[in-house]
Amino acid sequence: MRLSPAPLEDWLRDYYFTAQIDISSSGVEPYTMAQLRELTGIRPVDIDRLVFDDGYSLGRPELRRVIARAWGDGDPDKVMTTNGSSEAISLVLSALLSAGDEVVVVQPGYHLLVEYAAGLGCRLRPWRLDPANGWRPSLDELDELVTDRTRAIVVNFPQNPTGATITRDELDRLVAIADGAGAYVLWDAAFASLVYDAEPLPPISTLYGRGIDFGTFSKAFGLPGLRFGWCIAPPDLLADCVRIRDYTTLHVAPLIELLALGVLEHADAFLAPRLAQARGNRDLVAGWAAAESARVELQLLGGGAATFPKLLGMPSTDAFCDDLFNRLGVLVIPGSCFGVPEHVRLGYGGPTSSLVEGLERFSTALSEWFD
């Protein structure tokens, strides 16, 4: 297996830990350990009683039951807990796909969802989101891409980096297209709870027998450093994932699963405040973009905690993003990391004060570059 470089991770490795102000993230403001304990009721004695033994290959049973009830059809045999959703996605892709398989991927998109299948030797069929169409996914285009050779359709709606999503009717059509080809649908639901104009879409695994859901604490839950995720998939496919896992991570650490159980039993206490904060921050970004309309073209879409504005008259934003960081201490992601160099990824899920200051400095840099 030969994987392409991940430009997004290369950029973050160079800049993330020394940024004064981070308005690049696609997730929400992270919680502290103290906040986690307060919201879950986990006590020091509960942690002290933990024995650092090996864990279950598919995950702690009571944790799998909670996930199955909240995001699946109630069957814990379809659930696997993982070290972040990245492990879940890579395990499922490795277990499901073979060299030569045809795979539909959304572009621009997160590198794991696009490039991992290529590293397995698959033939990619890009489902391209068009900025001229407001990044709206076209189900007609998907229908043209899917053939009887399509093994999987890999999506994440709401989408990273654009925030684009689909309606319930479009979801039903997506399922019908996949079913007609006998294809699996791999659905990265990292941003499923971060929606503003409609109710969250139902999990794909509850609608379609070949539907696979991936969940994570990294985005809407505000717990990226906990590195906890899960997938909901047919049990026979999970058995194949375990065979691969036996050679890699084996299981999720018992301490992580203890904390994760507490979080999932109080999920709304984590999700609701961060959604409210992101909603308010989103309005601030809309106002900023309106004031900068001569230099910034922005379409705020229906979900996520990041947007993908175009800097007008700038064929590549790499030098601008580098200058914004080095002189003004503000981190945003150049669109080249997603193959669209004239854009930037701007996150609005973090602290409001940081967003306000970051946007002010962003405007300062824009005035210097354009005037």
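Everything here concerns the structure above.
The structure presented is a predicted model; accordingly, all values stated were derived computationally and were not measured. (Residues numbered from 1 in each chain as written. Predicted model: local features only at pLDDT ≥ 70, side-chain atom pairs only at ≥ 80, totals over all residues. Heavy atoms only, no water.)

1. Focus on the side chain of Asp-213
Within the fold, Asp-213 resides in strand E7 (residues 211-216). For the buried Asp-213, no salt bridge exists, and the shortest N-O distance to an oppositely charged side chain is 9.5 Å, to Lys-78. In this structure the side chain of Asp-213 is engaged in a polar contact, spanning 2.5 Å, whose partner is the side chain of Ser-205. (Helix = DSSP H or I, 4+ residues; strand = E, 2+ residues; numbered from the N terminus. Buried < 20%, exposed > 50% of the residue type's maximum accessible area, 1.4 Å probe, protein only. Lys, Arg positive; Asp, Glu negative; His and termini not counted. Salt bridge = Lys/Arg side-chain N within 4 Å of Asp/Glu carboxyl O. Polar contact = N/O pair within 3.5 Å; in protein donor to acceptor, adjacent residues only side chain to side chain.)

2. As for the sheet that holds strand E14 (residues 344-347)
Taken together, the 3 strands give an open sheet; going across it, the order is E10-E14-E13, and neighbouring strands pair in antiparallel fashion. For this open sheet the edge positions go to strand E10 (306-307) and strand E13 (333-334), each flanked by a neighbour on one side alone. Where E10 meets E14, 2 bridges bridge the pair, whose relative direction is antiparallel. What sits directly across from Thr-307, in E14, is Leu-346. (Pairing = 2+ DSSP bridges.)

3. Here's the deal with the pattern of salt bridges
For the structure shown, the criterion picks out 19 salt bridges. In this structure, Asp-46 engages Arg-43 in a salt bridge whose closest nitrogen and oxygen atoms are separated by 2.8 Å. A residue is classified by how much of its surface remains accessible, and Asp-46, at 22% relative accessible area, is partly exposed. Assessed through its relative accessible area of 43%, Arg-43 is described here as partly exposed. Two residues, Lys-78 and Asp-73, come together in a salt bridge whose shortest N-O distance is 2.6 Å. Among the charged side chains, a network of salt bridges with common partners joins Glu-102, Arg-123, Asp-148 and Arg-149.

4. Description of the sheet that holds strand E5 (residues 150-155)
In spatial order, the strands read E2-E8-E7-E6-E5-E3-E4; together these 7 strands make up an open sheet with mixed pairing. Edge positions in the open sheet fall to strand E2 (79-82) and strand E4 (123-128), since each of these has one partner strand only. Looking at each pair of strands side by side, their axes are set apart by 20° on average, direction ignored. With respect to the sheet, helix H6 (residues 111-119) is in contact with strand E3 (102-107), E4, E5 and strand E6 (184-188), its orientation differing from that of E3 by roughly 155°. (Axes fitted to C-alpha atoms, helices over the stretch in contact; angles between N-to-C directions. Contact = heavy atoms within 4.5 Å.)

5. Some words on the packing of aromatic side chains
Going through the model one piece at a time under the given rule, you end up with 18 aromatic pairs. What links up through ring pairs into an aromatic cluster is the set Trp-71, Phe-217, Phe-221, Phe-228 and Trp-230. Over the ring of Tyr-31 we find Arg-274; its NZ or CZ atom is 3.8 Å from the centre of that ring. (Phe/Tyr/Trp six-rings, centres within 6.5 Å; stacked < 30°, edge-to-face > 60°. Lys NZ or Arg CZ within 6 Å of the ring centre and 35° of its normal.)

6. Concerning helix H8 (residues 168-181)
Note on helix geometry: an α-helix contains 3.6 residues per turn, so any two residues three or four positions apart are oriented the same way. Along its 14 residues, H8 runs 20 Å from first to last C-alpha, staying within 8% of the 20 Å computed at 1.5 Å per residue. Along H8, the residues classified as buried are Glu-170, Leu-171, Leu-174, Val-175, Ile-177 and Ala-178. Burial along H8 is one-sided: seen end-on, the buried residues are contained in an arc of 160°. Opposite its buried face, H8 presents the exposed residues Asp-169 and Gly-180, each directed more than 90 degrees away. On the buried face of H8, the contacting elements are E4, helix H7 (139-145), E5 and E6. (Expected span 1.5 Å × (residues − 1). Arc of directions from axis to C-beta.)

7. Re the packing of helix H2 (residues 33-40) against helix H11 (residues 267-291)
Where H2 contacts H11, the axes come no closer than 10 Å and their chain directions differ by 120°. By the angle class used here, H2 and H11 are oblique. Between H2, through Gln-35, Leu-36, Leu-39 and Thr-40, and H11, the contact on the second element is made entirely by Ala-269, Phe-270 and Arg-274. Its residues assigned to classes, the contact of H2 with H11 shows 4 nonpolar, 2 polar and 1 charged. (Parallel < 35°, antiparallel > 145°, perpendicular 65-115°, else oblique. Nonpolar A, V, L, I, M, F, W, Y, C, P; charged D, E, K, R; others polar.)

8. Structural notes on the side chain of Gln-159
Considering the arrangement of structural elements, one finds Gln-159 in the loop between E5 and H8. Only 2.6 Å separates the side chain of Gln-159 from the side chain of Thr-162, close enough to count as a polar contact. In this structure, Gln-159 is in contact with Val-106, Pro-108, Gly-109, Leu-129 and Ala-164, ignoring residues within four places of it in sequence.

9. A word on the pairing of E3
Side-chain direction in a regular strand flips from residue to residue, so the side chains alternate between the two faces of the sheet. Of all 6 residues that make up E3, 5 are buried, and the element is covered over most of its length. With 6 bridges connecting them, E3 and E4 associate as parallel partners. Paired with Gln-107 across the two strands is Arg-128, which belongs to E4. You can see the chain leave E3, run along H6 and come back into E4, and the turn it takes is right-handed. Of the pairings in the sheet, the one linking E3 to E5 comprises 4 bridges and is parallel in character. Residue Val-105 lies in a different strand from E5, and its bridge partner there is Val-154. (Right-handed = clockwise from strand over helix to strand, strands pointing away.)

Geometric descriptors of this kind do not, in isolation, establish any biological role.
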